Amino acid sequence: MTRTLLSTRVLLVCAALGVATGLLGGVAGAITPLVLAAAPWAYGLVLGSHVLPGIIAQQVFRLPLVALTTHVLAALVASAVNPAWIGRFLGTALLFGAIQEGVAALTRYRAWGVWRFFAAALLIGVVVAGVVFFAADLAALPLWAQIAYLVIALAGPVVWTAAGLGVGERLRRAGVARGVRAG
Amino acid sequence: MTAVADPYADAAARGLLARIGPLAKLAAPLPAMAVLVFARDLVTPLAFLAVAYLVIFVGARVSARVAALLLLGIPTGAAVIGLSLGLWVDSDLVDGTDPVLSVGAWSLYSGAVDVGLATGARLAAILALGLIAGLTTSGPDLVRATVQQLRVPYRIGYAALAAIRFVPRFGYELEVIRQAHRVRGAHGGRGPFAAVARWWGYLVPLLAGAIRHAERVALAMDARAFGAHPDRTERHLLPWRPRDTVFVLVFWAVSAALLTALFPWGL
Amino acid sequence: MSSAASGPTTAQAARDDGAPTPLLRVRGVSITHEGADAAIPASVTFDIAPGEVVLLLGPSGSGKSTLALATNGLIPQSVPAELTGTVAVRGMSTVDTPVARLAGHVGMVFQDPDAQLITGTVFDDVAFGPENLRMPVADVLARTERALRQVGLWERRGENPDQLSGGGKQRLAIACALAMGSELLVLDEPTANLDPAGIEDVYDALRGVAAQGRSILLVEHNLDAAVGLTDRVVVLDAAGRTVADGTVDDVLRGRAEELDALGVWLPVSTMAALALRRAGWDLPRTPLTPAELAESLEAAEAPVPNPVSAPPSGAPSIGGGESTAIEVRGLTLRRGRRTVLHDVDLTLRTGEFVAVVGSNGAGKTTLVQTMAGVIPPPRGAVRVDGADPARTSLRDLSRRIGFVFQNPEHQFIAHTVFDELAHGLRGRGMSDDEVRERTTAMLERFGLEGKGEVHPFLLSGGQKRRLSVGTALIAGAPILALDEPTFGQDRARADELLRLLRDLNETGTTIVVVTHDMQLVAEYAHRTVVVHDGRIRADAATADVFSDETLLRESGLRRPTLQAALRGVTRHPELASVTALRALGGGAT
Ligand SMILES: Nc1ncnc2c1ncn2[C@@H]1O[C@H](COP(=O)(O)OP(=O)(O)OP(=O)(O)O)[C@@H](O)[C@H]1O
Ligand SMILES: Nc1ncnc2c1ncn2[C@@H]1O[C@H](COP(=O)(O)OP(=O)(O)OP(=O)(O)O)[C@@H](O)[C@H]1O
Ligand SMILES: [Mg+2]
Ligand SMILES: [Mg+2]
């Protein structure tokens, strides 16, 4: 048999994590227009929730490629169910997945310390902040709002990363993620 | 449990766009979308919004619901978001323009409204360009296209196809978990903090069940020789056709022409 | 990831004895899951010849599922475990022959029908396996068509498999295995989740497979359905050692008492015969089917004194006091766009033990959940213990009625077993000492002492189920509603749970159970409510419901096996109305 990097089992668990967090993230999608309308500078908090699939996957498996795979699978599934947003799903997935994967790869998948997850979170915050800043023309906002936006854009992924780490930890305590096991 | 259309169904939409490959439909509007992110005027996004709508209405059989989304939903949403963004605009930037509304010491300047509307139109245009692919592509076709044309490993593609079934199943599970926790009286109370605590409590049971289910599906796939060979027999072929190239090139040419004509896009 | 100690090689295995190579050869196999400290199964040896149907029995946790996964190499190649001994398919060791190669010889059907669906249509799903083997398109199409016709799904090939019933999905899984060309079909409890009609569906398909000359290895708790198909029986003890291997006659008939003592489940007719023997009947040949039981009873003399005498003590008499526990009046309920319940009227008296039965999708769960306030009912439609769930707070309601969900994991909210139980007591102004005392008492009562600090998810299936009942009970609710409490449990655990419910019932708790297990209903329920298409199709004493053949057929139900057997007995009329094993005397459960 061709030895592949990720077994079917890891692939499908990644997909399941992507779908399950996506269901919860559906809430985030639903409130996005509201947040954009009511408090555009707080959008980072909502967008940050999209880091969850990759974080939980890495925390559960500690394997190369799981973060990117989880994001891509989640995006493919989401696109199949709701094709209207294909572009958005794939774009976010590739961006977030690549950054989380890249930071893990830089440490050659050896250091799984908490700092590594947060480094990825900050990087995501910076990139996302940049894109949204231009797309939503936030330069037109007053200075305080721009600063608030920047701080929140950075804090969003960090807060959600912390949440993801907590979930991974609790899954482990529940004995679910002990190695990759059969049911 | 909403009765969504069967996500596995083959391209439901007939019409010209259905015959263009998914990747072509995704690639064609990309340059325009990238430029739009930086555009600042009202005309450029409106022009591209018009292009997107033209392509969609000519190329796809648009259902009444989708037509409502395109003709009512998106414009309304863009206007609301635009106007409320206008409220946040720094008044120092626009106080040279006429105030349209004054409440006490605070005034809403027409410049702010312009900035807001431009932003709303921009977001709407980016969204509409994405819908060209979104409204006319089925999930399985997208997966097949990424596998056959982008060389995404087929194991990933088929894992995604199998996982489409997870969505309603986990959605139903989440519903049951919510009911169960409600009955047990877990995390009662109102307000955002209680809500966060509640959702937090659903996460572990949901994910634990999801992981177990995924492991079972993986065994069933392995038992049917999934991943045995570097490739597998494909019965549904989805090659990149000349008409895909034509579609992309024409779209790019039109985008370039529009962008040239409308330069400097309010920068 | 596969860390397997390689067993004897293929060549050695083939040399072992002179007989022609069996299709499947299992020799001294022991399997240790990664992280486990003991090997389960410990030592299994048996063969399957081409064309044979072998039934694998063993108590829960004896390693039957583990062994099934080893027959096509999923253990140790996909599930990390250490395997010693030999498992060989047509002489190929499953430890080092790729699963994909073995897949052409061994097909698998698992317990959960939904976990085996992969693509979007019935046709694509069957074609999925042959495509993975890189067969030419023409072959894929031909094999798929043949397999689908064989299980009777060809006409439905274009549908999304979600549209199939549970039984239909399992037939689809069988077709998938057949399309791979499997000579041996391995099925692990394929009917555990199905209603009676679905079970018949699956066995019809299996009979067709066996008639084609393919081999079958069947792990099944429901022996009544399986025994007619079986050629040979292999039995494991609790540690997973082969203790019996022989023909149906040798093992099931010849050693029935021994198997019964092992805790292995037997056909209901066989268990009935054992009970009758203990009560003094002389039944020389152990029956396996209802027809055989009836036949041997016709031939036998009733013992004196006869423990079964009219009036039948068989059907539990209608229990329940005068007061009303739950009252449902004109309940109509919509979910989504469908009306799931139509104008339902139902009254439960305190102290009753009521079963709610019906085919898949009939509305049983919805009905019971509405009664318990899990789904908010319309105002005035339901009264629980005098209160309207539509107007009562959930906390208040949970003191009147406890609800146990089908999957216990869904309802666990705390991180330790202790907190899980204590949750129901805290927040009602009880002192810490009192909470501790009552929780500890409950732990003991449910055999969970020593597990207080364990995470609920780490308990075994049976323990999880008991904990979920405990959490519903500790709030002191006088009414308990359970949704398919025996789902996914083996019979021994199911029995343990039901005895517990009966004890509760005898001390005054009103019990409502949703279930597909007709024998269970016959054994325990005073009254049976038949739900069909969202309406109450029947509501009567259990014995009356089961004596109405047309009612059962029309609602997709079947008679309990025991009753089907005993009804035909003309020589002993006192047996004709017996439906429960324990009514036969002889101390059977
Ligand atoms: N993936 C795993 N990792 C560790 N231990 C496991 C795993 N799967 C099963 N076990 C353990 O192996 C033993 C045998 O389990 P198995 O599921 O094979 O039993 P079984 O005979 O099929 O039982 P049942 O009748 O309840 O289905 C059990 O003690 C179980 O807890
Ligand atoms: N939330 C919901 N939205 C829409 N339809 C629903 C919902 N819940 C249940 N149904 C439908 O109501 C019908 C009855 O469902 P219910 O779960 O009560 O059946 P059941 O008798 O318990 O079946 P089973 O034996 O399979 O558990 C089914 O057809 C189901 O699809
Ligand atoms: Mg088992
Ligand atoms: Mg149900």
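These numbers come from a predicted model, not from an experiment.

## Description of the overall build of chain B
For step 1, the next point in the chain: Looking only at helices and strands, one finds eleven helices and two strands in chain B.
For step 2, the next point in the chain: For chain B, the N- to C-terminal ordering of α and β elements is α-α-α-α-α-β-β-α-α-α-α-α-α.
For step 3, the next point in the chain: Within the span of chain B, comprising 267 residues, buried residues form 53% of the whole.
For step 4, the next point in the chain: In chain B, of all internal contacts separated by at least 6 residues, the share reaching a separation of at least 24 is 77%.
For step 5, the next point in the chain: Just so you have it, chain B exposes about 12100 Å², and 69% of that area is on carbon and sulfur atoms.

## Structural notes on the site of ligand 2
For step 1, the next point in the chain: Lining the immediate environment of ligand 2, one finds 15 residues, of which Arg338(C), Gly361(C), Lys364(C), Thr365(C) and Thr366(C) sit closest.
For step 2, the next point in the chain: Lying at an intersection of chains, ligand 2 is approached by residues of chains B and C.
For step 3, the next point in the chain: Within the contact set of ligand 2, an oxygen atom lies 2.7 Å away from a side-chain nitrogen or oxygen of Arg338(C).
For step 4, the next point in the chain: His516(C) has a polar side-chain atom sitting 3.1 Å from an oxygen atom of ligand 2.
For step 5, the next point in the chain: Protein contacts shield 76% of the accessible area of ligand 2, which totals 640 Å² for the unbound molecule.
For step 6, the next point in the chain: For the shell around ligand 2, the secondary structure elements donating two or more residues are strand S12 (338-349) and helix H14 (364-371) of chain C.
For step 7, the next point in the chain: Tallying contributions element by element places H14(C) first for the shell around ligand 2, with three residues.
For step 8, the next point in the chain: Among the residues forming the shell around ligand 2, the class breakdown is three nonpolar, eight polar and four charged.

## A short note on a negative patch on the surface
Residues and elements named next belong to chain C.
For step 1, the next point in the chain: A cluster of acidic residues, Asp 432, Asp 433, Glu 434 and Glu 437, forms a negative patch on the protein surface.
For step 2, the next point in the chain: Here Asp 432 is to be found in helix H18 (residues 432-445).
For step 3, the next point in the chain: According to the relative accessible area criterion, Asp 432 is exposed, its value standing at 64%.

## Things to note about the interface of chain B and chain A
For step 1, the next point in the chain: With 57 residues of chain B at the contact, the number on the chain A side is 60 residues.
For step 2, the next point in the chain: Interface area lost by chain B to chain A is led by Trp88(B), Arg155(B) and Glu215(B), which between them contribute 14%.
For step 3, the next point in the chain: Applying the counting rule to chain B against chain A returns zero salt bridges.
For step 4, the next point in the chain: The interface formed by chain B and chain A includes three residue pairs in polar contact (both at pLDDT 80 or more).
For step 5, the next point in the chain: Elements supplying a minimum of two residues to the side of chain B that touches chain A: helix H2 (30-38), helix H4 (64-88), helix H6 (110-134), helix H7 (139-148), helix H8 (154-164), helix H9 (166-183) and helix H10 (191-222) of chain B.
For step 6, the next point in the chain: With 18 residues, the top contributor of residues to the side of chain B that touches chain A is H10(B).
For step 7, the next point in the chain: Looking at the side of chain B that touches chain A, its residues break down into 41 nonpolar, nine polar and seven charged.

## Considerations on the domain arrangement of chain C
All names here are of chain C.
For step 1, the next point in the chain: Considered domain by domain, chain C is made up of domain 1 (10-255), domain 2 (267-301 + 559-589) and domain 3 (324-558).
For step 2, the next point in the chain: Computed from C-alpha coordinates alone, the two centres of domain 2 and domain 3 are separated by 32 Å.
For step 3, the next point in the chain: Residue-level contacts link eleven residues of domain 2 with twelve residues of domain 3.
For step 4, the next point in the chain: On the surface where domain 2 and domain 3 come into contact, there are one salt bridge.
For step 5, the next point in the chain: Two residues, Arg 559 and Glu 549, come together in a salt bridge whose shortest N-O distance is 2.3 Å.

## Some remarks on the site of ligand 1
Residues and elements named next belong to chain C.
For step 1, the next point in the chain: Taken together, 14 residues surround ligand 1, and among them Ser 60, Gly 61, Lys 64, Ser 65 and Thr 66 come closest.
For step 2, the next point in the chain: Lys 64 is positioned with one of its side-chain polar atoms (N or O) 2.8 Å from an oxygen atom of ligand 1.
For step 3, the next point in the chain: Note that an oxygen atom of ligand 1 is positioned 3.5 Å from one of the side-chain N or O atoms of Glu 189.
For step 4, the next point in the chain: Broken down by element, the shell around ligand 1 gets its largest block of residues, three residues, from helix H2 (residues 64-70).

## Notes on the sheet that holds strand S19 (residues 535-541) of chain C
Residue and element names in this part refer to chain C.
For step 1, the next point in the chain: One open sheet holds the six strands; their spatial order is S15-S16-S17-S13-S18-S19, and the pairing between them is mixed. Both outer strands of the open sheet, strand S15 (401-404) and S19, are each paired with one neighbouring strand and no more. Averaged over neighbouring strand pairs, the angle between their axes works out to 15° when direction is ignored.
For step 2, the next point in the chain: Bridge analysis of S15 against strand S16 (residues 479-483) gives four bridges, and the strand direction is parallel. Its bridge partner being in S16, Val 404 is matched across the sheet by Leu 482.
For step 3, the next point in the chain: Against the sheet, helix H19 (residues 461-474) engages S15 and S16, with an angle of about 160° to S15.

## Concerning the nonpolar core
For step 1, the next point in the chain: With 114 residues, the main nonpolar core has Leu12(A), Leu171(A), Phe166(B) and Leu501(C) as its most contacted residues.
For step 2, the next point in the chain: It is H10(B) that provides the largest number of residues to this core, a total of twelve residues.
For step 3, the next point in the chain: By size, the runner-up hydrophobic cluster in this structure holds 73 residues, among which are Val202(C), Val209(C), Leu218(C) and Val233(C).

## Considerations on H8(B)
Side chains three or four residues apart in an α-helix point the same way, a direct result of the helix having 3.6 residues per turn.
For step 1, the next point in the chain: The element H8(B) is largely enclosed, with a buried count of eleven among its eleven residues.
For step 2, the next point in the chain: Within the sequence span of H8(B), burial applies to Tyr154(B), Arg155(B), Ile156(B), Gly157(B), Tyr158(B), Ala159(B), Ala160(B), Leu161(B), Ala162(B), Ala163(B) and Ile164(B).

## Here's the deal with the pairing of strand S4 (residues 81-89) of chain C
Residues and elements named next belong to chain C.
For step 1, the next point in the chain: Pairing analysis gives eight bridges linking strand S1 (residues 24-33) to S4, with the strands arranged antiparallel. Within S4, the position partnered with Leu 24 by the bridge is Val 89.
For step 2, the next point in the chain: As defined by bridge partners, S4 adjoins strand S5 (residues 92-93) across two bridges and the pair is classed as antiparallel. Bridging from a neighbouring strand, Ala 88 pairs with Ser 93 of S5.
For step 3, the next point in the chain: In sequence, S4 turns back onto S5 through a hairpin of two residues, with Arg 90 there showing a positive phi of about 50°.

## With respect to the layout of surface pockets
All names here are of chain C.
For step 1, the next point in the chain: Here the second largest pocket defines a volume of roughly 1200 Å³.
For step 2, the next point in the chain: Contributing elements (two or more residues each) for the lining of the second largest pocket: helix H8 (196-211), helix H9 (223-226), helix H12 (268-278), helix H20 (491-506), helix H21 (518-524), helix H23 (549-554) and helix H24 (561-567).
For step 3, the next point in the chain: Along the lines of polarity and charge, the residues of the lining of the second largest pocket split into 22 nonpolar, 13 polar and 14 charged.

The rules behind these values
In every chain, residue numbers begin from 1 and rise along the written sequence. Just so you know, chain letters begin at A and ligand numbers begin at 1, following the order they were written in. Per-residue local features of the predicted model are confined to residues with pLDDT of at least 70, and side-chain atom pairs are confined, for both listing and counting, to 80 or more; whole-chain, interface and lining totals are unaffected and use all residues. Side-chain descriptors were evaluated using all non-hydrogen atoms of the structure, hydrogens and water having been removed beforehand. Helix and strand labels come from DSSP, where a helix needs a run of H or I of at least four residues and a strand needs a run of E of at least two; each type is numbered from the N terminus. In this scheme, a residue with accessible area under 20% of its type's maximum is buried, one over 50% is exposed, and one in between is partly exposed, where area comes from a 1.4 Å probe on protein chains only. Residue contacts follow a heavy-atom distance rule, with two residues in contact if any of their heavy atoms lie within 4.5 Å. Shrake-Rupley sampling with a 1.4 Å probe provides the accessible areas, and residues are treated as covered by the protein chains on show and by no other component. Residues are labelled near a given molecule or strand when at least one of their non-hydrogen atoms is within 4 Å of it. Two N or O atoms form a polar contact when they lie within 3.5 Å of each other; inside protein one atom must be a possible hydrogen donor and the other a possible acceptor, and for residues adjacent in sequence the pair counts only when both atoms belong to side chains. Residues are grouped as follows: Ala, Val, Leu, Ile, Met, Phe, Trp, Tyr, Cys and Pro are nonpolar; Asp, Glu, Lys and Arg are charged; all remaining types, including Gly, are polar. Patches here are clusters of residues that have more than 30% relative accessible area and form no salt bridge, with a 9 Å joining cutoff for like charges and a 5 Å cutoff for nonpolar side chains (Val, Leu, Ile, Met, Phe, Trp, Tyr). Note on definitions: salt bridges are taken to be side-chain nitrogens of Lys or Arg within 4 Å of carboxyl oxygens of Asp or Glu. A residue counts as positive if it is Lys or Arg and as negative if it is Asp or Glu; His and the chain ends are not included. Every charge is mapped to an atom, namely NZ of Lys, CZ of Arg, CG of Asp or CD of Glu. Here the buried area means the combined drop in accessible surface, using a 1.4 Å probe, for two parts upon being joined, counting both sides. Boundaries of every domain are those given by an automatic assignment or by a domain database. Any two strands between which DSSP finds at least two bridges are classified as paired. An axis is simply a line fitted to the C-alpha atoms; with a helix, the fit covers only the stretch in contact. Between two such axes, the angle follows the N-to-C directions and lies from 0 to 180 degrees. Only buried residues count toward a nonpolar core. Its members are Ala, Val, Leu, Ile, Met, Phe, Trp, Tyr and Cys residues joined through side-chain atoms within 4.5 Å. Using protein atoms alone on a 1 Å grid, points that fit a 1.4 Å probe yet trap it form a cavity, whereas open point sets bounded by protein on both sides within 12 Å along at least five of seven lines form a pocket; residues with an atom within 4 Å of a point count as lining. Grid points are joined across faces, edges and corners, and a volume is the space filled by probe spheres set on the points.

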